[in-house]
Every structure is written in C-alpha cells, then in structure tokens.
Amino acid sequence: MSKAYNHSSEAIRLIIHADDWGQHPAVNQAIHSLIRQQAVTSASMLAVGPAVREACHFAALHPSFCTGAHLSLSFGDFPIAPAQSVTSLTDSGGAFLRPLSALEQEGDPAEIELEMSAQIRFLLAAGIRLTHLDSHQGCLLGIHSGDERLFPVIRQLCRDYRLPFKLPRQTVHTPALPPAVRTRLGGLVDWLEKQQIPLIDDLIVPDYHIVPGEDYNQYKNGILRALPTLMPGTITELTLHPALPDEGMKEADSHWLKREWEYRIALDEDFWGLLRERSIILTSWSDLIC
C-alpha cells in the first residue's frame, strides 16, 4: 500500500462519489451517465447488487475510472460466500438478517470477514481494479449497534487487500453521527493513520431521506453552503446516491426522489460554478493511493 496522501498542498480537493453502483438498473443508468459526462470522479460497487453484472460490464469499458468495493450486509441482499459458511448472517431464506444492528452484534466476525472477502474477490475477478473499500450503510462501523466488534474485520481487509477504507479524519459535514460514534471511529482513524493508509479529511453526506417539506432547491442549497467551508490542504468526499426516474425504483425505495436529486446536483451549473469560483480541484481515490 502506498504511503498516506501528502497534505502539504494548499489546494482544496473534492471527490465526487456515487454510491450503490449495481444496486438497481436505474442506479446504474444514472452512474453511467455521470461517468460519461465526467460529473463524478469515483463510485463504489455492490457485489451483491441485483444489477451488478451490468455495472461490471460498464466498468470493464472504463478501466481508468476509480471504483471501490461497497461492502454490504444489508437485508434483502444474498451473500456471495457459500451459504453453509455464513449461517450466522442469514435468515431461513438465505438473505442477510435484519436489522443491521442485530447482525452487527450477533453475526460471527469471522463469517463477516469471509463474506466481505468474497465480495471483494468477486469484483477483482470481474476485472475491476479496486481503489478503496467502504461499507454500505456503515455496516462494519458499529453505527447501528454502537460497538467496535467489527473493527478488526476492517483492519484485516485493509491488510489483506492493501486498500484504503473510506473513513474521514473528521466528521464536520456528517452531523447525523452521534458523538459516541464519532469517538469510537476516532480510534479506527488513529489505527489507519499509524498504518499509513490513505484517508480523506471529511465527508459531505446529505441526509438520505427526504426531510418533510424539502424540495430540490433546499437540498442543493445545503450542499452549496458546505462547499465554501472546505479548508485548504484538505480532501473531502461528496457522497451521492444517484438514480434516474424509474417505476421499479419507486417501488423499491420510498425515498427514490432524493436519488433523482442526487443525480441532478452532479450536473447542476450552480454546483459546478461554485467549484470554479472556490478553485476546488477534483480528485479521486486513485490519486490518494498512487
């Protein structure tokens, strides 16, 4: 693994990142459109997503694009590891248990590590050059259960695959995280830094759910207010969950409209104008590990 990113530069750097690649055809369509238009610099792929093979095919046609593994234990998804080897993670139908808090607390860490490795190997076997790891819905970070029992899984995956894990040094722009969670994550950040594993400085993660009364302009203005607060010499990721309008998506996700907004913001001229005005430089996870 390369040494941690050199923060001596006074530039303000931003990763524009799309999550959930492979989750649904409407998500794939949005991400593929944004990649073609160079409106995102990074995306992370769900190996267990129902539309992952379509995503892998597109990624193979764009080998230089920065792609991470979006590691998942989410309800409704099915593990990639052999069913008999991850019995503590699944229900009677073979899908991951719900809720995530129970799985984080009761799932066998060795089986979770086995499944996470299977997901990474699936993407590598598809020819994807992975640039980083992250966890879908924070499934390895104890956000839902309130403990650190899966932190050793993260450490081992970083060692085994020599890849960075998406975790920011600070959480100024992720106010939804409770203080206790921030404190626990601080210890993991310290370990990653001691191992010289590249880290970003912060995450801008808009609320995934639509706040009552919220419209696109309110959502957009929240992001536009965050960008001027980014400090010189830092790398921040703006995490988006884009999707195009789709009847199937509307049935699968009650907050589908927010996903459409997160597609629109990546193409919004006000957004790009502010990046130019603030001299914010686009970067990617590939830049951190090179």
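None of the values given here were measured: they were computed from a predicted structure.

A.B. asks: How do you make sense of the packing of aromatic side chains when you look at a structure like this?
C.D. replies: For any pair of aromatic rings, the description rests on two quantities: the centre-to-centre distance and the angle between the ring planes. Applying the stated criterion across every chain yields a total of 5 aromatic pairs. Between Trp-21 and Phe-65 the ring centres are 6.2 Å apart and the planes differ by 85 degrees, which places this aromatic pair in the edge-to-face class. Of this pair, Trp-21 sits in strand 1 (residues 12–21) while Phe-65 is found in the loop between helix 2 (52–61) and strand 3 (67–71), placing the two residues 44 residues apart along the sequence. Arranged with centres 5.6 Å apart and planes meeting at 80 degrees, the rings of Phe-271 and Trp-272 form a pair that is edge-to-face. Neither residue differs from the other here; Phe-271 and Trp-272 are each classed as buried. A network of ring pairs unites the aromatic residues Trp-21, Phe-58 and Phe-65 as a single cluster. Directly above the aromatic system of Tyr-216 lies the positively charged group of Arg-264, at a separation of 3.7 Å from the ring centroid.

A.B. asks: Even after reading the chapter, I still don't get the packing of helix 7 (residues 216–226) against helix 9 (residues 256–265), so can you show me in this structure?
C.D. replies: Each packed pair of helices is defined by two parameters, the angle between the axes and the distance between the axes. Running from N to C, helix 7 and helix 9 point in directions that differ by 55 degrees, and their axes come no closer than 10 Å. Judged by the angle between their axes, helix 7 and helix 9 are oblique. The handedness of the crossing between helix 7 and helix 9 comes out as right-handed. Seen from helix 7, the contacting residues are Tyr-216, Tyr-219, Lys-220 and Ile-223; seen from helix 9, they are Lys-258, Trp-261, Glu-262, Arg-264 and Ile-265.

A.B. asks: Teacher, can you tell me more about the nonpolar core here?
C.D. replies: Grouped burial of nonpolar side chains is what soluble globular proteins tend to show. By size, the foremost hydrophobic cluster in this structure holds 80 residues, and its most contacted members are Trp-21, Leu-73, Leu-140 and Phe-271. Apart from the residues lying within four places of it in its own chain, the contact partners of Leu-73 are Leu-89, Phe-96, Leu-97, Leu-100, Leu-103, Ile-112, Glu-115, Met-116, Cys-139 and Leu-140. Counting 7 residues, the second-largest nonpolar core is a separate cluster that includes Cys-66, Ile-200, Ile-235 and Leu-288.

A.B. asks: Sorry if this is basic, but what is going on with the environment of Ile-15 here?
C.D. replies: For Ile-15, the location among the structural elements is in strand 1. Overall, Ile-15 belongs to the buried group, its relative accessible area being 0%. For Ile-15 and Ala-125, which are 110 residues apart along the polypeptide, the C-alpha to C-alpha distance reads 26 Å. Beyond its immediate chain neighbours, meaning those up to four positions away, Ile-15 contacts Thr-41, Ser-42, Ile-200, Ile-235, Thr-236, Glu-237, Leu-238, Thr-283, Ser-284, Trp-285 and Leu-288.

A.B. asks: It is not clear to me how helix 2 should be interpreted in this structure. Could you clarify?
C.D. replies: The periodicity of an α-helix, 3.6 residues per turn, causes residues three or four positions apart to be oriented the same way. All of the buried residues in helix 2 are Val-52, Ala-55, Cys-56, Phe-58 and Ala-59. Projected onto a plane normal to the axis of helix 2, the buried residues spread over an arc of 165 degrees and lie on a single side. Residues of helix 2 that are exposed and point more than 90 degrees away from the buried face comprise Arg-53, His-57 and Leu-61. Packing partners of the buried residues in helix 2 comprise strand 1, helix 1 (25–36), strand 2 (42–45) and helix 4 (109–125).

About the cut-offs
Within any chain, residue numbers begin from 1 and follow the written order of that chain's sequence. Two thresholds apply to this predicted model, a pLDDT of at least 70 for residue-level local features and 80 or more for giving and counting side-chain atom pairs, whereas whole-chain, interface and lining totals are computed over all residues. For the side-chain quantities, the full set of heavy atoms in the structure was used; hydrogens and water were omitted. Centres within 6.5 Å make a pair out of two Phe, Tyr or Trp rings, where for Trp the six-membered ring is used; the pair is then stacked when the planes are under 30 degrees apart, edge-to-face when over 60, and tilted otherwise. In this description a helix means any DSSP run of H or I spanning at least four residues, a strand means any run of E spanning at least two, and both kinds are numbered starting from the N terminus. Summary of the burial criterion: residues with accessible area below 20% of their type's maximum are buried, those above 50% are exposed, and those between are partly exposed, where the area comes from a 1.4 Å probe applied to protein chains only. Geometrically, a lysine NZ or arginine CZ counts as sitting over a ring once it is within 6 Å of the ring centre and also within 35 degrees of the ring normal. Lines are fitted to the C-alpha atoms to define the axes, a helix being fitted only along its stretch in contact, and any angle between axes, read from their N-to-C directions, falls within 0 to 180 degrees. Any angle that is under 35 degrees is reported as roughly parallel, and any over 145 degrees as roughly antiparallel; angles of 65 to 115 degrees are reported as roughly perpendicular and all others as oblique. For any helix crossing, the convention is left-handed if the near helix is rotated counterclockwise from the far helix by under a right angle, and right-handed if that rotation is clockwise. Should any heavy atoms of two residues lie within 4.5 Å, those residues are counted as being in contact. Residue types Ala, Val, Leu, Ile, Met, Phe, Trp, Tyr and Cys, when buried and joined through side-chain atoms within 4.5 Å, form a set referred to as a nonpolar core. Arc definition: directions from the helix axis to the C-beta atoms.

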